[in-house]
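# Coordinates in review
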Amino acid sequence: MKPNTDKRIVMALDAGGTNFRFSAVRGNKPVTQTVALPSNGDNLAKCLANIVEGFTRVKKQCPEPPVAISFAFPGPADYPNGIIGDLGNLPGFRGGVALGPMLEERFGIPTFINNDGDLFVYGEAIAGFLPYVNGLLEKAGSPKRFKNLFGVTLGTGFGGGIVRNGELFTGDNSMATEVWLLRNKLHPETNAEEGASIRAVRRVYAEKAGIPFEQAPEPKDIFDIGTGAKPGNQAAAGEAFRQLGEVVGDGMAHALTLVDGLGVIGGGISGAAPLFLPALVNELNSTYATPKGSKFRRLTQVAFNLEDPAQLQPFLQGEKREITVPGSNKKVQYDPLQRIGVGMSRLGTTEATAIGAYAFALRELDSR
């Protein structure tokens, strides 16, 4: 399967709490104009009518008939069966709505629905961060290759996804990688999303700057304050993003302990990486203590910030050694540096999610 050269067309939907944006994709590129309609999330009948209307308009623009519908939609949901559960941003969905089967019946083509964090990471595994890093390793002459990718999205919420050896890992209840429910390291009585989201950055800035939360700027402005590009409390801005990095790093450390792969970051706050990524990687490389006070690494693997050239080079080079096979004169190559790398989306969150949705549909169709 090569989504970038595939000629099949898949219709897609970017589902937000306020607006729905419909399009169609072929070869990882849009082939129609985007159709935008209000979500009407508090009125199920209007919401479903607009979903049908949006796909109907897009289908009319397609140069040839689409073979499937594939998109990200908020959970909780039974994604494999296309059933959407009780949604916070779309309260009209109560008690379970069979959205996938409805669209299959209406348009006569298979419909695939997934979580947006899952599809983001799937897109980065297919055409973004994972092949980018493996390409750098190949160019550097390293035999090391990565097959597993864990990713998070930082924005209104804290989302995530796992791709293992080319396969999207969704779990038995379509609820795998719900990283927002991890514990918040800095405030253990709360969940990680309260330290890894837009509101978290604004809240810490307001606390450190001594202003009400309602007066706190948006994260983009806080980033500009932190870099000195805008006036404001620079120390408060730096601390807001440092705390974000520590909380996200703690969550990623728990996940990467299990996944043992690369880590990629996307979402609306990801542009502030210069202010939070160092703290995030420091957390990955932090230590635990034994009851007697001795220290040991939190992760067995060494974590590298792949956006930092000074860390990228030792990551690519590894520790090449030649060792002798016991009882013979034969020598073998050995790289004892167990390592993982963390970096930013190479596609952008929206494009990665669209590519993930497109590729998922093609893979499902080809497996039938």
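Here's what I pulled together on the structure shown here. Here the structure is a predicted model, which means the values were calculated and not measured. (Residues numbered from 1 in each chain as written. Predicted model: local features only at pLDDT ≥ 70, side-chain atom pairs only at ≥ 80, totals over all residues. Heavy atoms only, no water.)

For the rest of this paragraph, the subject is helix α3 (residues 116–127). In this model, α3 (twelve residues) spans 16 Å end to end at C-alpha, consistent with the 16 Å of a helix rising 1.5 Å per residue. Counting buried positions over the twelve residues of α3 gives nine, a clear majority of the element. Where α3 begins, the capping side chain belongs to N115, and its oxygen is found 2.7 Å from the backbone nitrogen of G117. (Helix = DSSP H or I, 4+ residues; strand = E, 2+ residues; numbered from the N terminus. Expected span 1.5 Å × (residues − 1). Buried < 20%, exposed > 50% of the residue type's maximum accessible area, 1.4 Å probe, protein only. Polar contact = N/O pair within 3.5 Å; in protein donor to acceptor, adjacent residues only side chain to side chain.)

This next bit is on the sheet that holds strand β11 (residues 158–164). As summarised here, the arrangement of the six strands in space is β12-β11-β10-β13-β19-β16, forming an open sheet in which the pairing is mixed. A single partner strand is all that each edge strand has here, and the edge strands are β12 (167–168) and β16 (302–305). Here β11 runs beside β12; their pairing, made up of two bridges, is antiparallel. Within β12, the residue paired with R164 across the bridge is E167. (Pairing = 2+ DSSP bridges.)

We now examine the packing of aromatic side chains. Within the structure shown, the criterion is met by 14 aromatic pairs. Pairing F20 with F73 gives two aromatic rings, centres 6.2 Å apart and planes at 45°, and the pair type is tilted. Of this pair, F20 sits in strand β2 (residues 19–26) while F73 sits in the loop between β5 (68–72) and β6 (77–78), and the two are 53 residues apart along the sequence. This pair shows no difference in class: F20 is buried, exactly as F73 is. Measuring from centroid to centroid gives 5.8 Å for F146 and F315, while their planes differ by 15°, and the two rings are stacked. In this pair, F146 is assigned in the loop between α4 (129–139) and β10 (148–154) and F315 in helix α9 (residues 309–317), connecting sequence segments 169 residues apart. (Phe/Tyr/Trp six-rings, centres within 6.5 Å; stacked < 30°, edge-to-face > 60°.)

Turning our attention to unusual backbone geometry. Here the bond from G75 into P76 is cis, since omega is 15°, no more than 30 degrees from zero. Among the structural elements, P76 can be located in the loop between β5 and β6. Backbone geometry at S174 places phi at a positive 60°, although glycine is not the residue there. Assignment of secondary structure puts S174 in the loop between β12 and α5 (198–209). The exposure class assigned to S174 is buried, which follows from its relative accessible area of 7%.

Before going further, it helps to examine the pairing of β5. Buried residues dominate β5, accounting for five of its five residues. The alternating pattern of β5 places A68, S70 and A72 on one face and I69 and F71 on the opposite face, and all of these are buried. In this sheet, β5 lies alongside strand β1 (residues 9–15) in parallel orientation, the contact comprising three bridges. Residue pairing in the sheet places D14 in a bridge with A72 of β5. Relative to strand β9 (residues 111–114), β5 runs parallel, the two sharing four bridges. Across the sheet, S70 pairs through a bridge with F112, a residue of β9.

This part is about the pattern of salt bridges. Using the criterion set out here, one finds 20 salt bridges in the structure. When the shortest N-O distance is used, the salt bridge between R346 and E307 registers 2.9 Å. Residue R346 is found in the loop between β19 (339–344) and α10 (349–367), and its partner E307 is found in the loop between β16 and α9; the two are separated by 39 residues along the sequence. The exposure class of E307 is partly exposed, given its relative accessible area of 33%. What emerges from the salt-bridge pattern is a single network uniting K185, E239, R242, E246, D250, E283 and R298. (Salt bridge = Lys/Arg side-chain N within 4 Å of Asp/Glu carboxyl O.)

A general tendency of soluble globular proteins is for nonpolar side chains to be buried together. Within the largest apolar cluster, 40 residues are counted, with the highest numbers of intra-cluster contacts made by L154, M252, I265, F276 and L280. Elements with a contribution of two residues or more to this core: β10, β11, α5, α6 (219–226), α7 (234–259), α8 (273–284) and β19. Excluding residues that lie within four positions of it along the chain, M252 makes contacts with F150, V152, G263, V264, I265, L280, L284 and V342. Residues V25, V133, L312 and L365 belong to the second largest nonpolar core, which totals 37 residues. (Core = buried A, V, L, I, M, F, W, Y, C linked by side-chain atoms within 4.5 Å. Contact = heavy atoms within 4.5 Å.)

The subject of this paragraph is helix α1 (residues 44–61). Relative to the 26 Å expected for 18 residues at 1.5 Å per residue, α1 spans 26 Å between its end C-alpha atoms, a close match to the ideal helical length. Taken together, the buried positions of α1 are C47, L48, N50, I51, V52, G54, F55, T56 and V58. On its buried face, α1 sits against β1, β2, β4 (35–38), β5, β8 (97–98) and α2 (99–107). The N-cap of α1, judged by a side-chain oxygen 3.2 Å from the amide nitrogen of A45 a few residues on, is N43.

A word on the packing of α3 against α4. The geometry of α3 relative to α4 is characterised by a closest axis approach of 4 Å and an angle of 30° between their N-to-C directions. The angle between the axes of α3 and α4 places the two elements in the roughly parallel class. Two secondary-structure elements touch here, α3 through E124, A125, I126 and A127 and α4 through F129, L130 and P131. In terms of residue class, the contact of α3 with α4 is built from six nonpolar, no polar and one charged. (Axes fitted to C-alpha atoms, helices over the stretch in contact; angles between N-to-C directions. Parallel < 35°, antiparallel > 145°, perpendicular 65-115°, else oblique. Nonpolar A, V, L, I, M, F, W, Y, C, P; charged D, E, K, R; others polar.)

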